[in-house]
Amino acid sequence: MSRRVLVVEEGPEFEQTAARALVSGMDDGSVKIGLSGGRTPLGVFRELAKIPSFDASRVELFWVDERGVPPGHADSNYGAALKSLIEPLKIDKSRVHRMEGELPAEEAARRYDALLALRAPAGLDVAVLGIGEDGHTASLFPGSPALDSPARAAAAVSPKGQPRITMTPAYLNLAPRHLVLVGGAEKAAIAKRALADDPSLPISRVRPRQGSVWVVGRAAASS
Ligand code: 6PG
């Protein structure tokens, strides 16, 4: 698996580079994209809308993880993408497949498993991932049993007692490529470990077939 690391200035350059990297791998057909939550992708989503070759009518959106909250909650990953990506680009609701964070997490994970079996049985075309300061990726936390759920595409987890739903590495790895976004000085220590392939970090278990592009902000790359 290859990894291309692009170190860029934090802010607009980071967001533009990431948006271009996402679009550059899209072919002419329909594209199934797995979105992560967190703050980092939001500016990238806004940049997508400015790229003339980005045809939003061809994308189908999925989530790599969701928090156990309803869509209107401030922590909802779907809710954040709704404002920054889905509404501005007028992506048709029939092409938006959210995880149902308002349901008990195990039920939501089972329902998402079934949805993925129907809508994306061969995997996503691209997954957008991040890395938390504590080392989590999607909602795969270091040591999580979901890391070893080969039979499931989505699993329920409860780090620190908070219910979440996450795609599993087995499913994420069906995607040919991943875009990994790591920005901010607070990520410097974790970025260093991730780039050194620390095996205790879930990102080390996520290895797409064709390879990944990592967009790393200058401050995150500074350690
Ligand atoms: C989540 C995310 C998570 C995220 C990282 C980075 O819902 O928690 O999907 O995996 O990508 O925590 O988040 P930031 O972009 O906010 O640093």
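Above this note sits the structure.
Presented here is a report on the structure given in the accompanying data block. It should be emphasised that the depicted structure is a prediction, and the values quoted were computed from it without experimental measurement.

### What to know about helix H3 (residues 77-86)
When you tally the buried positions in H3, you get eight out of 10 residues, the bulk of the element. Listed in full, the buried residues belonging to H3 are Asn-77, Tyr-78, Gly-79, Ala-81, Leu-82, Ser-84, Leu-85 and Ile-86. Those residues of H3 hidden inside the fold are in contact with strand E2 (31-35), helix H2 (40-48), strand E3 (59-63) and strand E4 (65-67). Here H3 starts with a cap whose side-chain oxygen sits 3.3 Å from the backbone nitrogen of Tyr-78, and that cap is Ser-76.

### Observations concerning the site of the ligand
Of all residues adjacent to the ligand, which total 16 residues, the nearest are Arg-39, Thr-40, Asp-65, Ala-138 and Lys-187. Residue Asn-77 places a side-chain N or O atom 2.8 Å away from an oxygen atom belonging to the ligand. The separation between an oxygen atom of the ligand and a polar side-chain atom of Arg-164 is 3.0 Å. Contact with the protein chains removes 94% of the 430 Å² of surface that the ligand exposes when unbound. In a pocket analysis with a 2 Å cut-off to the grid points, the ligand is assigned to the largest pocket.

### Let's talk about the packing of H2 against H3
At a minimum axis distance of 8 Å, the contact between H2 and H3 shows a crossing angle of 30 degrees. Viewed along their axes, H2 and H3 adopt a mutual orientation that is roughly parallel. Contacts between H2 and H3 involve Leu-42, Phe-45, Arg-46 and Leu-48 from the former and Ala-80, Ala-81, Ser-84 and Leu-85 from the latter.

What counts as what
- Residues numbered from 1 in each chain as written.
- Predicted model: local features only at pLDDT ≥ 70, side-chain atom pairs only at ≥ 80, totals over all residues.
- Heavy atoms only, no water.
- Buried < 20%, exposed > 50% of the residue type's maximum accessible area, 1.4 Å probe, protein only.
- Helix = DSSP H or I, 4+ residues; strand = E, 2+ residues; numbered from the N terminus.
- Contact = heavy atoms within 4.5 Å.
- Polar contact = N/O pair within 3.5 Å; in protein donor to acceptor, adjacent residues only side chain to side chain.
- Near = heavy atom within 4 Å.
- Areas by Shrake-Rupley, 256 points an atom, 1.4 Å probe, with all protein chains shown as cover.
- 1 Å grid on protein atoms, 1.4 Å probe; cavity = no way out; pocket = protein on both sides within 12 Å on 5 of 7 lines; lining within 4 Å.
- Sits in = over half its atoms within 2 Å of the grid points.
- Axes fitted to C-alpha atoms, helices over the stretch in contact; angles between N-to-C directions.
- Parallel < 35°, antiparallel > 145°, perpendicular 65-115°, else oblique.

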